[in-house]
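The chain contents come next:
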Amino acid sequence: MSLLSFTPNPLAWAVSIALAWGAVGLAGLAAPRNVGYVGRVLFPIGAVLAVGLAVVALSALGGAPQSVVLPIGLPQLPFHLRIDALSAFFLLLIGAVGAGISIYAAGYFRPGEGTPAGLQCLLYHVFLASMALVVMADDGYSFMVAWETMALSSFFLVTSDHRHAEVRRAGYLYLLVAHVGAIAILLAFGILQNGTGDYAFANMRAQHHGGAWAAAAFFLALFGFGAKAGLLPLHIWLPEAHPAAPSPVSAMMSGVMLKTAVYGFLRVAFDLLHATVWWWGVVVLAFGLSTALYGVIFSAVQSDMKRLLAYSSIENIGILFVGIGLAIVFHGFDMKVLAALAMTAALYHCLSHASFKSLLFLCTGAVLHATHERSLGKLGGLIHRMPWVAWLALIGVIASAGLPPLNGFVSEWLLLQSFLFTPQLPHGYIHMFMPLAAAGVVLTAALAGYVMVKFFGVIFLGQPREEKLDEARDAGTLERIGLVWLASLCVTLGLFPVQVIGMIDSATTLLVGRGLGKALDTRAWWLLAPISADRASYSPALFLIVIAIALALGFLGVRAFYHHRTRQGPPWGCGFPLLNPRMQDTAEGFGQPIREIFQPFFRMRRELPSPFDAQPRYRVTVEDHLWYWLYLPIAKAAEFGTRLVTPLQQGRIGIYLLYSFCTLLLLLMFVR
Amino acid sequence: MSALSALPLSGQIINLLAAVLLLISFAMLVQRRILSLIDLFAAQGAVLCLSTVLVAVTTGQRHLYFSAAITLVLKVVLLPWILHRLIRRLNVKWDVEGLINIPTTMLVGIVVVVVAFNLALPISQLAGTLTRPTLGIALATVLLAFLMMITRSKAVPQVIGFLSMENGLFFAATSATYGMPMVVEMGIALDVLIGMIIFGVFFFQIRTQFDSLDISHLEQLKEK
């Protein structure tokens, strides 16, 4: 199959788009400091390419798998690339979400901020291209090359503001966790090739592994991809790296890059390992659930808007892994339709999270540019100054809170539907514990709603908490286009779930051997009833109509009955005649109940002012226990080990020469 | 004994020269006067050159003449001359006694020679060359030069040790396989010359930094 033939070949197109991204990035080096050229020319081209990738992926979703062997790479180790339904699904995600972020980024970069725009452009497009190559790779070698390119380019993007020490620290932590994870993935591939020495995925797929080895490969993959996705004990880099990066990069990392980790895990667990052991699923589910709860609880107490969203990403990844775990459990008991339902929920949530989380991150970017403020305590009332950003953020917030009729609701509803079938599982303990897990998911969803109320309410509603907020400006045209693109993705995914599930059904089929397609086709186009209409169904259009009618009636009712009877006068001061915006509820105050209820989860330090303080200050810091219980001991152990080795460094050349002398002698004796 | 007497005359002379080479190595190991050290180094080069010529004459390997010529120019004339100039300009004549005293160094050297012979035994049995018995000596020369670098505390003797190590390697090459390919040899010769120049620059840097060429000052560079 030649790449140069002009047949409608999705793989060739996808590879060409990845290469074109690389070329766009390199073009950025021509005039790295010319923001107009980079922003108005190169990033829009990148966005058009992303739309092209989405179209190509859509055409590949229904088609047969295609593969190609590229003669690049090491001798005897060419790159194998392949597009099947799963790759196409994730390419669609990368293209659709990447387009919105690219067009936003076109308007985002300003002169004199951190790294020159041209360099950012190069790294950004290399990042995009490497993500596309990750999902197209068809052997361990090219996968790792693309994977590491992705990690490195995103590392440099995270540290683009490297003059701040905390940004460098965040970048270092990210790189460290990424590499530990990459080692685990490499080891997993090592087990999967089963001693044949052939790292092509086709070969791995054909191998049959013994129980213990298969489990080892599975858990190594869970560890490795979990590190990238931000699964519980390895989530630590995420709340550091996301706030450190420029907002389009945060959006790209949270919305798209985390999904490549999910892709990798699905590829290894289902496609290469044919996950058929049910208890693996229980482990994945447990990790996913604890990640989700942990993420959402921490998200509720944050007072930095990007950290809040980063923890919310951890929560969503947890929910995704709950879905995957449930699919593995069903798959292990050979309940194909239910496995397909849980898998559909997980894949749908991939799309949902990618669209709404990147939308929200881009909104924080707009707020950050307008106000230079990340702390929730200093924002407020921005809906008057930045109506575009505020209303579009509202769409993202509703989607993220899992409210109908938007996309977050669809995926969470599907997931809970699949939980309702767990009593059919033929295993005593499991079907008793599953309702608890379902309750955990519901608690997470409810708290996510709480978090989103906090996010939106504190930033956009109420009164401005600082004087300078009056000068805030709304997002520019290009930024608006990007935001509208992502918001319309949220709305589309929310209103047309039946059509979307029909499209992604081939990916589900590839993973669990069956899709939901047949069950869906017989229903009306507007009614989503995954298993049977008698059990449960959901119609987003109906919901939208009901909501619209209720709103209209309420609005008209208020107008008709109260409108002319309101009287404006000085408010009752309640003993405080001098109300000012600082007296509004704050982010800390809003999160306080959560902080009290879930106290054991946090490591809190509070400084309370004494009643006689002339200048009272209240300060509270909330930290992660895991950092102290898990990471610091590891760091100390590493330092201790280094100290043991330090005496080797004497500083005397004679001693160093002695080392090599002894090594030489030993080697000579050993080799003879 | 019978094996030795069965050797042709040229082989016996090569063995003799190898023995001289080893002797010079020992002399370099214990010599504290830097000027004499340089002379010994030149003498080692001369012996090396002579033995290479002899091997070339006996076996008719023509490229060995070039090797010998390079050795003569580089190691007998050029490098000693550079070193002499350096010593004069840096004004260092004596090396101080190192950590290990001279008799101990000699004893360690003897152990090293025994080990080297033992190590070279299986290799020299494989090699089918005229000069194979000398492989052990070549290896011993390398290791002795290494030992010299370890025990000295001034920078110049260490460099001489480094150069002498190269002599040993060269001798090993001629005795095991009648010399390395010409390209490799030219490359090594160039490396040695450039290395010498870099060392020279470093000497001056070290001296301006620490007012002495004693490398124990470099211990300050260690991470605390």
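Residues numbered from 1 in each chain as written. Chains lettered and ligands numbered in written order. Predicted model: local features only at pLDDT ≥ 70, side-chain atom pairs only at ≥ 80, totals over all residues. Heavy atoms only, no water.

Student: Help me understand the overall build of chain A, please; the structure alone is not making it clear to me.
Tutor: Scanning chain A from terminus to terminus reveals 24 helices and four strands. The dimensions of chain A, computed from C-alpha atoms along their principal axes, are 100 × 75 × 60 Å. Counting every position in chain A, which comprises 672 residues, the buried fraction comes to 54%. Counting contacts in chain A only where the partners sit at least 6 residues apart, residues at least 24 apart contribute 79% of the total. When the accessible surface of chain A is totalled, it reaches about 28,900 Å², and 68% of it is carbon and sulfur. Charged side chains of chain A number 41 positive and 32 negative; the gap between the two group centres comes to 2 Å. (Helix = DSSP H or I, 4+ residues; strand = E, 2+ residues; numbered from the N terminus. Buried < 20%, exposed > 50% of the residue type's maximum accessible area, 1.4 Å probe, protein only. Contact = heavy atoms within 4.5 Å. Areas by Shrake-Rupley, 256 points an atom, 1.4 Å probe, with all protein chains shown as cover. Lys, Arg positive; Asp, Glu negative; His and termini not counted. Charge placed at Lys NZ, Arg CZ, Asp CG, Glu CD.)

Student: Looking at this model, I keep getting lost on helix 3 (residues 34–59) of chain B. Mind explaining?
Tutor: It helps to recall that an α-helix has 3.6 residues per turn; residues three or four apart then point in one direction. Along its 26 residues, helix 3 of chain B runs 37 Å from first to last C-alpha, staying within 8% of the 38 Å computed at 1.5 Å per residue. Positive phi shows up at G60 of chain B, right after helix 3 of chain B, with a value of about 75°. (Expected span 1.5 Å × (residues − 1).)

Student: What am I meant to see in the interface of chain B and chain A here?
Tutor: It is common to give the size of an interface as the accessible area that goes away when the parts come together. On the chain A side, the residues contacting the 17 residues of chain B number 15 residues. Remark: the boundary between chain B and chain A carries zero salt bridges. Connecting chain B to chain A are zero residue pairs in polar contact (both at pLDDT 80 or more). For the side of chain B that touches chain A, the secondary structure elements donating two or more residues are helix 5 (102–126) and helix 6 (135–151) of chain B. With six residues, helix 6 of chain B is the largest single contributor of residues to the side of chain B that touches chain A. (Salt bridge = Lys/Arg side-chain N within 4 Å of Asp/Glu carboxyl O. Polar contact = N/O pair within 3.5 Å; in protein donor to acceptor, adjacent residues only side chain to side chain.)

Student: Help me out: how do you make sense of empty space enclosed by the protein in this one?
Tutor: Where empty space is left becomes clear once a probe the size of a water molecule has been rolled over the atoms. Residue and element names in this part refer to chain B. Under the criterion given, the structure shown has four cavities of 30 Å³ or more. Its volume calculated, the largest cavity comes out at about 80 Å³. Lining the largest cavity are S67, I70, T71, L74, K75, E166, F170, E185, I188 and A189. Taken together, the residues of the lining of the largest cavity break down into five nonpolar, two polar and three charged. (1 Å grid on protein atoms, 1.4 Å probe; cavity = no way out; pocket = protein on both sides within 12 Å on 5 of 7 lines; lining within 4 Å. Points joined across faces, edges and corners; volume = space filled by probe spheres on them. Nonpolar A, V, L, I, M, F, W, Y, C, P; charged D, E, K, R; others polar.)

Student: Looking at this structure, I do not really get the packing of helix 2 (residues 35–61) of chain A against helix 4 (residues 117–136) of chain A. What am I missing?
Tutor: Between two packed helices, what matters for the description is the angle formed by their axes and the separation of those axes. All names here are of chain A. At a minimum axis distance of 10 Å, the contact between helix 2 and helix 4 shows a crossing angle of 10°. When the interaxial angle is binned, helix 2 and helix 4 end up roughly parallel. Note on element contacts: helix 4 touches helix 2 through A117, G118, C121, Y124, H125 and A132, opposite V35, V38, L42, F43, G46 and L53. When the residues that make up the contact of helix 2 with helix 4 are grouped by side-chain class, the tally is nine nonpolar, three polar and no charged. (Axes fitted to C-alpha atoms, helices over the stretch in contact; angles between N-to-C directions. Parallel < 35°, antiparallel > 145°, perpendicular 65-115°, else oblique.)

Student: Help me understand the domain arrangement of chain A, please; the structure alone is not making it clear to me.
Tutor: Residues and elements named next belong to chain A. Along its sequence, chain A is carved into domain 1 (7–212) and domain 2 (275–523). Look at where the C-alpha atoms of domain 1 and domain 2 centre, and you get two points 23 Å apart. With 22 residues of domain 1 in contact, the opposing surface of domain 2 contributes 24 residues. When the two sides are added together, the surface that domain 1 and domain 2 hide from each other amounts to roughly 2,100 Å², 79% of it contributed by carbon and sulfur. Here domain 1 and domain 2 share zero salt bridges between them. Here domain 1 is connected to domain 2 by four residue pairs in polar contact (both at pLDDT 80 or more). Among the elements that make up the side of domain 1 that touches domain 2, the one with the highest residue count is helix 3 (residues 85–108) (15 residues). Among the residues making up the side of domain 1 that touches domain 2, the classes are represented as 16 nonpolar, two polar and four charged. (Domains from an automatic or database assignment. Buried area = accessible area lost by both parts, 1.4 Å probe.)

Student: Before we go on, may I ask you to explain a nonpolar patch on the surface in this structure?
Tutor: Residues and elements named next belong to chain A. Judged by side-chain polarity, F640, L644, V645, L648, Y656 and Y659 come together as a nonpolar surface patch covering roughly 590 Å² of accessible area. Going through the elements one at a time, helix 23 (625–645) and helix 24 (653–671) are the ones with two or more residues in the nonpolar patch. Counting residues per element, the nonpolar patch draws most heavily on helix 23, at three residues. Note that L644 resides in helix 23. The class for L644 is exposed, based on a relative accessible area of 59%. (Patch = residues over 30% accessible without salt bridge, like charges linked within 9 Å, V, L, I, M, F, W, Y side chains within 5 Å.)

Student: Looking at this model, I keep getting lost on the environment of C121 of chain A. Mind explaining?
Tutor: With respect to the helices and strands, the residue C121 of chain A is situated in helix 4. The sequence separation of C121 of chain A and F43 of chain A amounts to 78 residues, and the corresponding C-alpha distance is 7.4 Å.

Student: Got a minute to help me understand the side chain of Q66 of chain A in this structure?
Tutor: Structurally, Q66 of chain A can be placed in strand 1 (residues 66–74). Engagement of the side chain of Q66 of chain A in a polar contact is seen with the backbone nitrogen of L11 of chain A, the distance being 3.4 Å.

Student: Got a minute to help me understand unusual backbone geometry in this structure?
Tutor: Leave glycine aside and you will find that most residues have negative phi; peptide bonds, for their part, are mostly trans. Residues and elements named next belong to chain A. With an omega dihedral of 5°, the bond running from P404 to P405 counts as a cis peptide bond. The backbone of D334 shows a phi angle near 60°, a positive value even though the residue is not glycine. Looking at the secondary structure, you find D334 in the loop between helix 12 (305–332) and helix 13 (336–371). Residues other than glycine seldom take positive phi values, yet H372 does so here, at roughly 55°. If you trace the backbone, H372 turns up in the loop between helix 13 and helix 14 (382–385).

Student: When you look at the pairing of strand 1 of chain A in this model, what are you seeing that I'm missing?
Tutor: All names here are of chain A. Pairing analysis gives seven bridges linking strand 1 to strand 2 (residues 77–83), with the strands arranged antiparallel. The residue bridging V69 from the neighbouring strand is H80, located in strand 2. The antiparallel hairpin formed by strand 1 and strand 2 contains two residues in its connecting segment, where Q76 sits at a positive phi of about 70°. (Pairing = 2+ DSSP bridges.)

Student: Would you explain the side chain of S250 of chain A in this entry?
Tutor: All names here are of chain A. Topologically, S250 is positioned in helix 10 (residues 247–272). At 3.3 Å, the side chain of S250 forms a polar contact with the side chain of K306. Residues contacting S250, with those up to four places away along its chain left out, are H242, A245, G255, K306 and F361.

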